[in-house]
Amino acid sequence: MARNPATPEQQSVRVLKVGERVRHILSELLARGEAHDLVLSATTISVTEVRMSPDLRNAKAYVKPLLGEEEAVVLKALRTNTAFFQREVAKRLGLKFAPRLSFRADESFDEASRIEQLLNDPKVARDLDEE
């Protein structure tokens with residue numbers, strides 16, 4: 001039974017390279033407005049990360065609309081157009097098997113903001129100043 005590495009450091013170089021290549025392809029498609037969808041054309045979307053499964057058959061794309069506006073609407077539009085994105089990625093990637101894409105909201109920015117707030121808390125700042 002194969003393990004799915006939890007961190008990028010535990011993945012093979014090939015898996016990381018393919019994930020980065022898929023991220024670039026998706027970013028290019030979204031930036032050029034190649035998906036014929038009004039929501040996707042009207043919104044600037046960042047593809048922050050693509051995590052590939054070890055067998056390169058599944059890809060989770062983490063996306064964030066500019067300023068986090070209408071995230072649910074953008075995710076729905078991306079999921080509606082998944083077939084188009086999979087077809088384009090398969091055509092441009094040149095692998096034996098095309099990865100199945102799934103789009104997820106990138107929560108890392110929210111988590112970073114939460115940690116920043118915790119560090120700016122006066123109680124925490126006081127403890128840090130004592131050191």
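That block above? That's the structure.
The structure reproduced in this document is the subject of the present report.

1. Some thoughts on the pairing of strand 2 (residues 58–65)
By the criterion of burial, strand 2 is predominantly enclosed, with six of the eight residues buried. Where strand 1 (residues 45–52) lies against strand 2, seven bridges are found, and the strand directions are antiparallel. Directly across from Val50, in strand 2, lies its bridge partner Ala61. Counting the residues between successive antiparallel strands, the hairpin from strand 1 to strand 2 contains five residues, one of them, Leu56, with a positive phi of roughly 65 degrees. Both strand 2 and strand 3 (residues 100–105) contribute to a ladder of six bridges, which runs parallel.

2. Concerning unusual backbone geometry
You will see that Leu56, though not glycine, has its phi angle at about 65 degrees, which is positive. Its location among the elements puts Leu56 in the loop between strand 1 and strand 2.

3. Re the side chain of Glu71
Note that Glu71 resides in helix 3 (residues 71–80). A distance of 3.1 Å separates polar atoms of two side chains, one belonging to Glu71 and the other to Lys64. Excluding its chain neighbours within four sequence positions, the residues that come into contact with Glu71 are Lys64, Pro65, Ala105 and Glu107.

4. A closer look at the nonpolar core
The biggest cluster of nonpolar side chains holds 28 residues, and the ones touching the most others in it are Val22, Leu26, Phe85 and Phe103. If you list the elements that add at least two residues to this core, you get helix 1 (13–32), strand 1, strand 2, helix 3, helix 4 (82–93) and strand 3. Looking at this core element by element, the count peaks at seven residues for helix 1. Residues contacting Leu26, with those up to four places away along its chain left out, are Val47, Val50, Ala61, Phe85, Val89, Leu101 and Phe103.

Here is what the cut-offs are and how they apply
Residues numbered from 1 in each chain as written. Predicted model: local features only at pLDDT ≥ 70, side-chain atom pairs only at ≥ 80, totals over all residues. Heavy atoms only, no water. Buried < 20%, exposed > 50% of the residue type's maximum accessible area, 1.4 Å probe, protein only. Helix = DSSP H or I, 4+ residues; strand = E, 2+ residues; numbered from the N terminus. Pairing = 2+ DSSP bridges. Polar contact = N/O pair within 3.5 Å; in protein donor to acceptor, adjacent residues only side chain to side chain. Contact = heavy atoms within 4.5 Å. Core = buried A, V, L, I, M, F, W, Y, C linked by side-chain atoms within 4.5 Å.

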